[in-house]
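# Coordinate analysis (summary)
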Amino acid sequence: MKKKIHHARKHISSKKTEIATLSIVIIIISALFIVSILRDKVVAKVLAQTKSDTLVKIIYFDRLSDPNLHFALGNYYFGDGERYDLYKAENYYKKALLLDEKLPLANYQLARVYFVSGDQTRALEYINKELEYHPDFKRSYYIRGLIYGYSGQLGLAVADFKSFLEWKPDSWAGHNDLAWIYFQQGNFEDAFITASDGLRYSPGNPWLLNSVGISLKNLGQIDLARSAFESALVGSTRLSPTDWGKAYPGNDPGFYQKGY
């Protein structure tokens, strides 16, 4: 009888242990499920408050092999968040590409990082990859046009800016940068025509008016150039450092005032 009671107690104790273990497992799973639901809502706040990605990687413990997570963190440090850090942005984009070499926009963003850093060789390497993997993303032509422009490959820059403007004809920046290339080539007439055409989409734009002015000045149209410069000056007084930053995305917000 005592032996039966002992076995019964042992069985009950084992059951209690199983139930307790199961309860703990359920609590942990439930907690992780709740975290997985809420984390997307709090991650931006976590980054904003801590200025650190360490806690984010802990929260997203189950997505460390997801290239999209690393891409998002790269974007955070490259203008989307409150902390600008080119080194971290570069490394996160590289990690994203290590996990998926064809991840849309990852090569594009890394090309922009290198362009801003002044490494045009690597910038060209990655923007070419973006165009190879995603040829329908025409904005890549704009970035490559800038890279060619700063590398002195002016003919290639003209071709890429034209390709970009065929896709987005209302881009004032595209017109202004194409005019900049023409000006470097000494083609002041096409520089004037291109900048003037951009003003149809962005009237009063001080960058375009300045391009019109320098083109006219080099064409010998001094009075017309002066008028364009005066209009550009008026337009520039309406700008703020933030407006300057919007015109030059990818730069450190801490540089906006100086750039302006």
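Look up: the structure comes first, before these words.
First, a word on what this report is: a plain description of the structure on this page. Treat the numbers as computed from the prediction; the structure is a model and nothing was measured. (Residues numbered from 1 in each chain as written. Predicted model: local features only at pLDDT ≥ 70, side-chain atom pairs only at ≥ 80, totals over all residues. Heavy atoms only, no water.)

Moving on, we come to the overall build of the chain. Helix and strand counts for the chain stand at 14 helices and 0 strands. For the chain, the sequential pattern of α-helices and β-strands runs α-α-α-α-α-α-α-α-α-α-α-α-α-α. Within the chain, buried positions represent 38% of all 260 residues. Considering only residue pairs separated by 6 or more positions, the chain has 47% of its internal contacts joining residues 24 or more positions apart. (Helix = DSSP H or I, 4+ residues; strand = E, 2+ residues; numbered from the N terminus. Buried < 20%, exposed > 50% of the residue type's maximum accessible area, 1.4 Å probe, protein only. Contact = heavy atoms within 4.5 Å.)

Right, let's get into the packing of aromatic side chains. Throughout the structure, instances matching the rule amount to 17 aromatic pairs. Judged by centre distance (5.3 Å) and plane angle (75°), the rings of F115 and Y150 are edge-to-face. Of the two residues, F115 sits in helix α5 (residues 106-117) while Y150 sits in helix α7 (residues 139-151), which places them 35 residues apart along the sequence. By relative accessible area, which is 17% here, F115 ends up buried. (Phe/Tyr/Trp six-rings, centres within 6.5 Å; stacked < 30°, edge-to-face > 60°.)

Let us look at the nonpolar core. Counting 55 residues, the largest nonpolar core has Y93, I127, Y142, I143, I147 and F161 as its most contacted members. The leading source of residues in this core is α5, at 7 residues. The contacts of I147, once residues within four sequence positions are left out, are F115, Q120, A123, L124 and I127. (Core = buried A, V, L, I, M, F, W, Y, C linked by side-chain atoms within 4.5 Å.)

Relative to the 18 Å expected for 13 residues at 1.5 Å per residue, helix α9 (residues 172-184) spans 18 Å between its end C-alpha atoms, a close match to the ideal helical length. When α9 is considered as a whole, its buried residues turn out to be A173, G174, H175, N176, D177, L178, A179, I181 and Y182. Lining the buried residues of α9 we find α7, α8 (154-167), α10 (188-201) and α11 (206-218). Positive backbone phi, at 80°, marks G186, one or two positions downstream of α9. (Expected span 1.5 Å × (residues − 1).)

Let us look at the environment of A225. For A225, the location among the structural elements is in helix α12 (residues 222-236). Residue A225 is classed as buried on the basis of its relative accessible area of 2%. Measuring from C-alpha to C-alpha, the distance between A225 and S211 comes to 9.6 Å, with 14 residues separating the pair along the chain. Contact partners of A225, with chain neighbours within four places excluded, come to G213, L216 and K217.

Among the secondary structure elements, R112 is positioned in helix α5. Since its relative accessible area comes to 14%, R112 is described here as buried. Leaving out residues up to four positions away in the same chain, R112 has contacts with F78, I143, P249 and G250.

The first and last C-alpha atoms of α12 sit 21 Å apart over 15 residues, in line with the 21 Å expected at 1.5 Å per residue. Restricting attention to buried positions, one finds in α12 the residues A225, A228, A232 and G235. Around the axis of α12, the buried residues are gathered within 80° of arc, so they sit on the same side. Exposed and oriented more than 90 degrees from the buried face of α12 are D223 and L233. Here the buried face of α12 lies against α11. (Arc of directions from axis to C-beta.)

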